[in-house]
Amino acid sequence: MAVLLFPDNTVLINFAIINRMDLLERLANGHGHWCATVASECDSSARKPGLAALADARGIFGSPWFPDAAELQDTRLLREELASPGDHPHRHLGEAETLAIMIRRRVHGFFVTDDNDAVRLAARNKIKVVRTWHLLKVAAKREWVDADALWGYTQTLRTHQRGSPPEVIDRPSFDKWLAL
């Protein structure tokens, strides 16, 4: 079975903002994982106002995956591809670490992020990517959340400047996106 690997906090924060870590757990269905760097980032983010729900992530993803020596070397190289001049040394570390682990271990799974730079690097390495909106759409298709609730989540995430589904500008375009 394919696993969901979370290379950063972007999607986790979105589920915390809408207060639906329970839905994320249901979507992961025991197949969600994260690396050590992301687990640490999540712990730090959980201490920020409005993100306490992130503390539930440890129960969803369990013990983090730790990179071996070869994966650490690959992590450094991949991080360099993501980094911009002046970036903090830990910026993009989770994405790079997750990709290194996925590539070296030949993990059959999905790279779950909303970070566009990480999406591009994953695609270059032939890693399948899913975003917050893919997961929420799956939840709607499985009838774990109805369209009105999902529209509410969209509005909440927009208010927090977390984006919206592709090409969705209003409720009619949302309904059209959801029907695809």
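Before reading further, recall that the structure is shown in the block above.
What counts as what
Residues numbered from 1 in each chain as written. Predicted model: local features only at pLDDT ≥ 70, side-chain atom pairs only at ≥ 80, totals over all residues. Heavy atoms only, no water. Pairing = 2+ DSSP bridges. Helix = DSSP H or I, 4+ residues; strand = E, 2+ residues; numbered from the N terminus. Axes fitted to C-alpha atoms, helices over the stretch in contact; angles between N-to-C directions. Salt bridge = Lys/Arg side-chain N within 4 Å of Asp/Glu carboxyl O. Buried < 20%, exposed > 50% of the residue type's maximum accessible area, 1.4 Å probe, protein only.

> In this structure, what is going on with the sheet that holds strand E4 (residues 128-130)? I would like to understand it.
Where strands meet in a sheet, backbone hydrogen bonds hold them as pairs that are either parallel or antiparallel. Judged by pairing direction, the sheet is parallel, and its four strands sit side by side in the order E2-E1-E3-E4 without closing on themselves. In the strand order of this sheet, the two ends are held by strand E2 (32-34) and E4, each with one partner. This sheet shows a mean twist of 35 degrees between the axes of neighbouring strands, independent of strand direction. Of the strand pairs in this sheet, strand E3 (residues 109-112) and E4 are connected by three bridges, and their pairing is parallel. What sits directly across from Phe 111, in E4, is Val 129.

> What should I look at first to understand the pattern of salt bridges in this one?
Side-chain pairs of opposite charge can arise where the charged atoms are in close proximity. Per the stated rule, a full pass over the model turns up nine salt bridges. As a salt-bridge pair, Asp 74 and Arg 104 come within 2.6 Å of each other at their nearest N and O atoms. One end of the pair, Asp 74, is in helix H5 (residues 69-82); the other, Arg 104, is in helix H6 (residues 93-105), and 30 residues separate them in sequence. Assessed through its relative accessible area of 18%, Asp 74 is described here as buried.

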